[in-house]
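Survey of secondary and tertiary structure
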Amino acid sequence: VSSVPGRGGAGGGAGEDSVHEVRVRISGGATYPVVVGVGILDRLPGLLQELAPAHRYVIIGDERVLEHHGTEVRRLVLDAGSTVEVLGFPPGEEHKNRGEWARLTDEMLRLGTGRDGCVLALGGGVSGDLAGFVAATYMRGIPVVQIPTSLVAMVDSSVGGKTGVDVPMGKNLVGAFHPPRFVLADAELIRTLPRSERSQGLAEALKHGAIRDRPYLERLQALAPRLLAGDEHATAGVVARSVEIKADVVSRDEREGGLRQILNFGHTLGHALEAASGYRISHGTAVGLGMILEARLGEVVGVTAPGTATHLEAAVRSAGLRVTLPAELDGGEVVAHLGSDKKARAGQPRFVLLEGLGTVHGDERPGMGWSHAVPVEEVRQVLESFQREGI
Ligand SMILES: NC(=O)c1ccc[n+]([C@@H]2O[C@H](COP(=O)([O-])OP(=O)(O)OC[C@H]3O[C@@H](n4cnc5c(N)ncnc54)[C@H](O)[C@@H]3O)[C@@H](O)[C@H]2O)c1
Ligand SMILES: [Zn+2]
């Protein structure tokens, strides 16, 4: 991964007009750029001509995002000198499904989109995953460009090439790896994003700090009020650093055999909390709680430095996320859901554990790996003690 700051400063300061480019490596040695900055949407026509020339562009996004940003993006694509169609779908995770995939692909066929078409995924992670999967499968795969508009999409889902839909058996169970031609992340788009959605994105950014970069974690905590208020310069700096971290990890392990597992920190328990709550706890909230709990779990089994969970709790709180478990949540129910996690092997739940803030415990040697099996009884005790008396 190389990071090429443009005019202006590096990630942290993100001075006026700074543009950051992070390169993500994919199999075969090719790379794609993630371009991050403030007010940089007008680079779209040039980037399309250079990296994703097409006969026809199809913008796919949820209707709320299209309402805010669809017209401007459409105008910019027209500037690239090609025809453009806009296809919307209703906002919400419940529409990231096979029905919408079928409707969108049928619509593209009806429009006569050929193999020389290109999909522009405009929106949050739902739009990115759904539009990306449409592109991955349409005529066995046509190019996709990611234009993330939520903080979750900017710091997480637009980078790494995973696309897909939810099915009745679970989330993201049908999908494909389909890396984009490029990602254009304009932090100015965050202005229209609700504050609670900014918190959701901050949870993933905190995770990046927790696994790879303690100073970044501390900077996030200090910047949280500005980030929650939608400050686009602070946001651009954070997106640039988070993308660098995620890009570095996925470039070393494109398909999730090894190092990529560390991105799962906070997610084993996070997913179980989401499922046990009947998805009333949002993903970012569950990941915030999952990080605190997995840090405590690591402390209890003697892998994680004491005090890590307390520090993470303060960081999660600063992001505007809850740091207590709902009283009605049943610990046994949460533990039962650990077994159904995609990443559990042979029934024993496995966790990515920190050594301390900024460092994950584990290594590349065969047999070591990046996750630890922990007996469910220990997990249950940590959960119940946290529910009773907090950290
Ligand atoms: N592919 C991956 O690697 C990956 C990684 C993490 C998450 N995901 C997926 O991402 C999804 C969650 O992403 P999300 O939180 O962005 O959800 P989302 O796409 O539903 O966006 C959240 C809400 O914000 C609205 N929104 C987005 N951008 C906006 C803007 N600029 N202004 C106003 N409103 C805006 C959307 O309409 C939606 O209502 C999940 O489906 C998850 O599985 C994928
Ligand atoms: Zn996540």
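Residues numbered from 1 in each chain as written. Chains lettered and ligands numbered in written order. Predicted model: local features only at pLDDT ≥ 70, side-chain atom pairs only at ≥ 80, totals over all residues. Heavy atoms only, no water.

A closer look at the environment of arginine 25
- Mapped onto the elements, arginine 25 comes out in strand 2 (residues 19–25).
- For the pair arginine 25 and glycine 284, spaced 259 residues apart in sequence, the C-alpha to C-alpha distance is 27 Å. (Helix = DSSP H or I, 4+ residues; strand = E, 2+ residues; numbered from the N terminus.)

Some thoughts on the coordination of the zinc ion (ligand 2)
- Protein-derived ligands of the zinc ion (ligand 2) are Glu204 (OE), His267 (NE2) and His283 (NE2), with the metal-ligand distances lying across 2.1 Å.
- Each donor residue of the zinc ion (ligand 2) lies on the same chain, and together they follow the pattern E-x62-H-x15-H. Here the residue glutamate 204 occupies a position in helix 6 (residues 195–212), and histidine 283 occupies one in helix 10 (residues 283–301), the gap between them amounting to 79 residues.
- Owing to a relative accessible area of 2%, glutamate 204 belongs among the buried residues under this scheme. (Donors = N, O, S within 2.8 Å, 3.2 Å for Na, K, Ca; no water. Buried < 20%, exposed > 50% of the residue type's maximum accessible area, 1.4 Å probe, protein only.)

Let's talk about the packing of aromatic side chains
- Summed over all chains, the structure comprises one aromatic pair.
- Ring centres 6.1 Å apart and planes at 40° place the aromatic pair tryptophan 101 and phenylalanine 133 in the tilted group. Taken together, the residues span a long stretch of sequence, with tryptophan 101 in helix 3 (residues 98–110) and phenylalanine 133 in helix 4 (residues 125–137) at a distance of 32 residues.
- Tryptophan 101 gets classed as partly exposed once you look at its relative accessible area, which sits at 27%.
- For phenylalanine 133, a relative accessible area of 8% gives the class buried. (Phe/Tyr/Trp six-rings, centres within 6.5 Å; stacked < 30°, edge-to-face > 60°.)

Considering the site of ligand 1
- Taken together, 24 residues lie around ligand 1, and Arg64, Glu93, Thr149, Ser150 and Thr192 are the ones closest in.
- A distance of 2.8 Å separates an oxygen atom of ligand 1 from a polar side-chain atom of aspartate 62.
- Residue arginine 64 places a side-chain N or O atom 2.6 Å away from an oxygen atom belonging to ligand 1.
- Considered on its own, ligand 1 offers 860 Å² of accessible surface; in the complex 87% of this is hidden by protein.
- Mapped by element, the contributors of at least two residues to the shell around ligand 1 are helix 2 (63–79), helix 4 and helix 5 (151–157).
- For the shell around ligand 1, the leading source of residues is helix 2, giving four residues.
- Class assignment for the residues of the shell around ligand 1 results in six nonpolar, nine polar and nine charged. (Near = heavy atom within 4 Å. Polar contact = N/O pair within 3.5 Å; in protein donor to acceptor, adjacent residues only side chain to side chain. Areas by Shrake-Rupley, 256 points an atom, 1.4 Å probe, with all protein chains shown as cover. Nonpolar A, V, L, I, M, F, W, Y, C, P; charged D, E, K, R; others polar.)

None of the figures reported here should be taken as evidence of function without further support.
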